[in-house]
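Below, each chain spelled out in residue letters.
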Amino acid sequence: MGRRKKIVQECEKLMDKPENIRNIAIAAHVDHGKTTLSDNLLAGAGMISNETAGQQLAMDTEDDEQERGITIDAANVSMTHEYEGNNHLINLIDTPGHVDFGGDVTRAMRAVDGALVVVDAVEGAMPQTETVLRQALREGVKPALFINKVDRLISELQEGPQEMQERLLSVIRDVNELIRGMTDDMDDINDDWRVSVEDGTVAFGSALYKWGVSMPSMQATGMDFGDIIDMERNDQRQELHEATPLSNVVLDMVCEHFPDPIDAQPRRIPRIWRGDAESDLSEQMRLVDDDGEVVLMVTDISMDPHAGEIATGRVFSGTIEKGQELYVSGTAGTNRVQSVGIFMGGEREEVGRVPAGNIAAVTGLRDAIAGSTVSSIEMTPFESIEHISEPVITKS
Ligand code: GDP
């Protein structure tokens, strides 16, 4: 059996274990390294070859995106990652990095429970960092931080361990200041969602040279900043990658710190759905009930030359299968599901069914648009997605 087929089968097995699922987005200010990091994760999970990661830009599926070098359509990919002896299914949604596409970023956030915020170590938190954080937190999506381009601090700026540490801490301080300001009045977020090195919600590294570290990874490998600086300066980047591969460090962080759907949906449903909180439907969505009514929130519509329009979105309840007749919010009548699938790299793979807690790619929903609520019974649609595209600049 081909490698790809094996991964699809593995994903299908894990789709029924919500506690092993992480739905995540990577969000960043433009050019901070979101695409390069995404490619690293795909290569780490065996989805694209290691050699081409960083050049292939697998998430940029549209031709004009490749030409323009920015990501404008939120692509989606599923991969597996072994953490503490358990295989996990990680559904990664790519978010546009350009501020004009703020609406797409928010839609992507609706589908996920965790947001990996990428910040360039040299530039620090920028206006779009603030925008994407605000979008994530409004949707009840938990943040973690990856500070990228640390190689530049070492090789270009020639910083020593002390200077480097100070700079990284100041990035973390800025990001936490933003998170604190945005979550202060959110009663449903009881936990402290600020990120910290000590609790492992911050990782550093170089997406370009494919190495990364976090507190847990440094404890596991015994490597400290001094070792990293030495290896980076001595041009031992390949060794550094092999000793502490970025994809492992980041995917471990994702599995450990981002909520699974069972954790996330009880908190997220009241935030994004204003229907009857006492209803069976509300309970089915909060509990990620795969036997419940089908509820899909469409976050993206893309065009496939063969299959036509593909609606991608988060299944909050029930199980989507071919042949189902589903209501589409704001339209009359029902649409019949022609096929269901998941995305692998830029391609869609058909699967038999996609249960609650996952991200599905569905054909046949001809009336659906990005933002539609698609369901097996008529229901109150999800809250419309607020577009935040104007960055609010608070940095002095
Ligand atoms: P995006 O706009 O956030 O998706 O950013 P990209 O992933 O396209 O990266 C923007 C630029 O930064 C590209 O030229 C990358 O090669 C470069 N880049 C990304 N990560 C790193 C890194 O870790 N170190 C260095 N030196 N350059 C990087």
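Right, let's walk through the structure included here. (Residues numbered from 1 in each chain as written. Predicted model: local features only at pLDDT ≥ 70, side-chain atom pairs only at ≥ 80, totals over all residues. Heavy atoms only, no water.)

1. Observations regarding the overall build of the protein
Turning to step 1, where the next piece is worked out: When you go through the protein residue by residue, the secondary structure sums to 13 helices and 17 strands.
Turning to step 2, where the next piece is worked out: Expressed as a percentage of its 396 residues, the buried residues of the protein come to 59%.
Turning to step 3, where the next piece is worked out: Pairs at least 24 residues apart make up 72% of the contacts formed inside the protein by residues separated by at least 6 positions. (Helix = DSSP H or I, 4+ residues; strand = E, 2+ residues; numbered from the N terminus. Buried < 20%, exposed > 50% of the residue type's maximum accessible area, 1.4 Å probe, protein only. Contact = heavy atoms within 4.5 Å.)

2. With respect to the side chain of Gln324
Turning to step 1, where the next piece is worked out: Relative to the assigned elements, Gln324 resides in the loop between strand 10 (319–321) and strand 11 (325–328).
Turning to step 2, where the next piece is worked out: In terms of polar contacts, Gln324 uses its side chain to reach the backbone amide nitrogen of Glu321, at 2.9 Å. (Polar contact = N/O pair within 3.5 Å; in protein donor to acceptor, adjacent residues only side chain to side chain.)

3. What about the side chain of Lys142?
Turning to step 1, where the next piece is worked out: For Lys142, the position within the fold is in strand 5 (residues 142–148).
Turning to step 2, where the next piece is worked out: A polar contact is formed between the side chain of Lys142 and the backbone oxygen of His257, at a distance of 3.0 Å.

4. Observations regarding the packing of aromatic side chains
Turning to step 1, where the next piece is worked out: The full count for this structure, using the stated rule, is two aromatic pairs.
Turning to step 2, where the next piece is worked out: Residues Phe316 and Phe382 carry aromatic rings whose centres are separated by 5.2 Å and whose planes lie at 45 degrees to one another, so their mutual orientation is tilted. Residue Phe316 is located in strand 9 (residues 308–317), and its partner Phe382 is located in the segment after strand 17 (373–375); the two are separated by 66 residues in the primary sequence. Summarising the burial analysis for this pair, Phe316 and Phe382 share the class buried.
Turning to step 3, where the next piece is worked out: Looking at Arg237, its charged tip hangs above the ring of Tyr209, at a distance of 3.7 Å from the centre. (Phe/Tyr/Trp six-rings, centres within 6.5 Å; stacked < 30°, edge-to-face > 60°. Lys NZ or Arg CZ within 6 Å of the ring centre and 35° of its normal.)

5. Things to note about the packing of helix 2 (residues 34–44) against helix 11 (residues 246–257)
Turning to step 1, where the next piece is worked out: Running from amino to carboxyl end, helix 2 crosses helix 11 at an angle of 95 degrees, the nearest separation of the two axes being 8 Å. As the angle between them shows, helix 2 and helix 11 are arranged roughly perpendicular. Contact with helix 2, carried on its side by Leu37, Asn40, Leu41 and Gly44, involves Leu246, Ser247, Val250 and Leu251 of helix 11 and no other residues of that element.
Turning to step 2, where the next piece is worked out: Considering only residue class, the contact of helix 2 with helix 11 consists of five nonpolar, three polar and no charged. (Axes fitted to C-alpha atoms, helices over the stretch in contact; angles between N-to-C directions. Parallel < 35°, antiparallel > 145°, perpendicular 65-115°, else oblique. Nonpolar A, V, L, I, M, F, W, Y, C, P; charged D, E, K, R; others polar.)

6. Some points on the pairing of strand 13 (residues 339–344)
Turning to step 1, where the next piece is worked out: Burial of strand 13 is extensive: six of the six residues sit out of reach of the surface.
Turning to step 2, where the next piece is worked out: What you see with strand 13 is no split at all: Ser339, Gly341 and Phe343 on one side and Val340, Ile342 and Met344 on the other are buried throughout.
Turning to step 3, where the next piece is worked out: Direction of pairing for strand 13 relative to strand 16 (residues 359–363): antiparallel, over a ladder of three bridges. Bridged to Gly341 within strand 16 is Ala361.
Turning to step 4, where the next piece is worked out: Bridging between strand 13 and strand 14 (residues 347–351) involves five bridges; their strand directions are antiparallel. Bridge assignment links Val340 to a residue of strand 14, and that residue is Val351. (Pairing = 2+ DSSP bridges.)

7. Considerations on the site of the ligand
Turning to step 1, where the next piece is worked out: In the neighbourhood of the ligand, 15 residues make up the surrounding shell, with Asp31, Lys34, Thr35, Thr36 and Asp151 lying closest.
Turning to step 2, where the next piece is worked out: Contact between the ligand and His32: an oxygen atom at 3.4 Å from a main-chain N or O atom of the residue.
Turning to step 3, where the next piece is worked out: For the ligand, an oxygen atom lies 2.9 Å from a polar atom in the backbone of Ala207.
Turning to step 4, where the next piece is worked out: Its free accessible area being 580 Å², the ligand has 78% of it covered by the protein chains.
Turning to step 5, where the next piece is worked out: For the shell around the ligand, the secondary-structure elements that each account for two or more residues are helix 2 and helix 6 (150–155). (Near = heavy atom within 4 Å. Areas by Shrake-Rupley, 256 points an atom, 1.4 Å probe, with all protein chains shown as cover.)

8. Brief notes about the sheet that holds strand 12 (residues 334–336)
Turning to step 1, where the next piece is worked out: Strand order in the open sheet formed by eight strands is 12-11-17-8-9-16-13-14, with antiparallel pairing between adjacent strands. Looking along the sheet, the strands with just one partner apiece sit at the ends: strand 12 and strand 14. Going across the sheet, the axis of each strand differs from the next one's by a mean of 40 degrees, ignoring polarity.
Turning to step 2, where the next piece is worked out: Of the strand pairs in this sheet, strand 8 (residues 295–304) and strand 9 are connected by nine bridges, and their pairing is antiparallel. Counted as the bridge partner of Ser302 is Ile310 from strand 9.

9. Concerning helix 12 (residues 261–272)
Turning to step 1, where the next piece is worked out: Between its terminal C-alpha atoms helix 12 stretches only 14 Å, short of the 16 Å expected from twelve residues at 1.5 Å a residue.
Turning to step 2, where the next piece is worked out: Listing the buried residues of helix 12 in full gives Pro261, Ala264, Gln265, Arg267, Arg268, Ile269, Arg271 and Ile272.
Turning to step 3, where the next piece is worked out: Capping the start of helix 12, Asp260 holds a side-chain oxygen 2.8 Å from the backbone nitrogen of Ile262, two or three residues further along. (Expected span 1.5 Å × (residues − 1).)

10. Considerations on the pairing of strand 16
Turning to step 1, where the next piece is worked out: With five of its five residues buried, strand 16 lies for the most part within the structure.
Turning to step 2, where the next piece is worked out: In this sheet, strand 16 lies alongside strand 9 in antiparallel orientation, the contact comprising five bridges. Its bridge partner being in strand 16, Thr312 is matched across the sheet by Ala361.

11. Some remarks on the nonpolar core
Turning to step 1, where the next piece is worked out: Ranked by size, the top nonpolar core spans 35 residues in total, and within it Ile147, Val150, Val175 and Phe204 carry the most contacts.
Turning to step 2, where the next piece is worked out: Listed by contribution, the elements that provide at least two residues to this core are strand 4 (114–120), helix 5 (127–138), strand 5, helix 6, helix 7 (161–183), strand 6 (202–206), strand 7 (211–214) and helix 9 (225–233).
Turning to step 3, where the next piece is worked out: Element by element, the count of residues in this core is highest for helix 7, at eight residues.
Turning to step 4, where the next piece is worked out: In contact with Val175, not counting residues within four places along its chain, are Val119, Ala125, Leu133, Leu145 and Val195.
Turning to step 5, where the next piece is worked out: Core analysis: the next-biggest nonpolar cluster, separate from the first, contains 28 residues, Leu14, Met15, Leu89 and Ile342 among them. (Core = buried A, V, L, I, M, F, W, Y, C linked by side-chain atoms within 4.5 Å.)

12. Some details on unusual backbone geometry
Turning to step 1, where the next piece is worked out: Although it is not a glycine, Glu84 sits at a positive phi angle of roughly 50 degrees.
Turning to step 2, where the next piece is worked out: Inspection of the secondary structure puts Glu84 in the loop between strand 2 (76–83) and strand 3 (86–94).
Turning to step 3, where the next piece is worked out: We classify Glu84 as exposed; its relative accessible area is 64%.
Turning to step 4, where the next piece is worked out: For Lys149, which is not a glycine, the phi torsion comes out positive at approximately 60 degrees.

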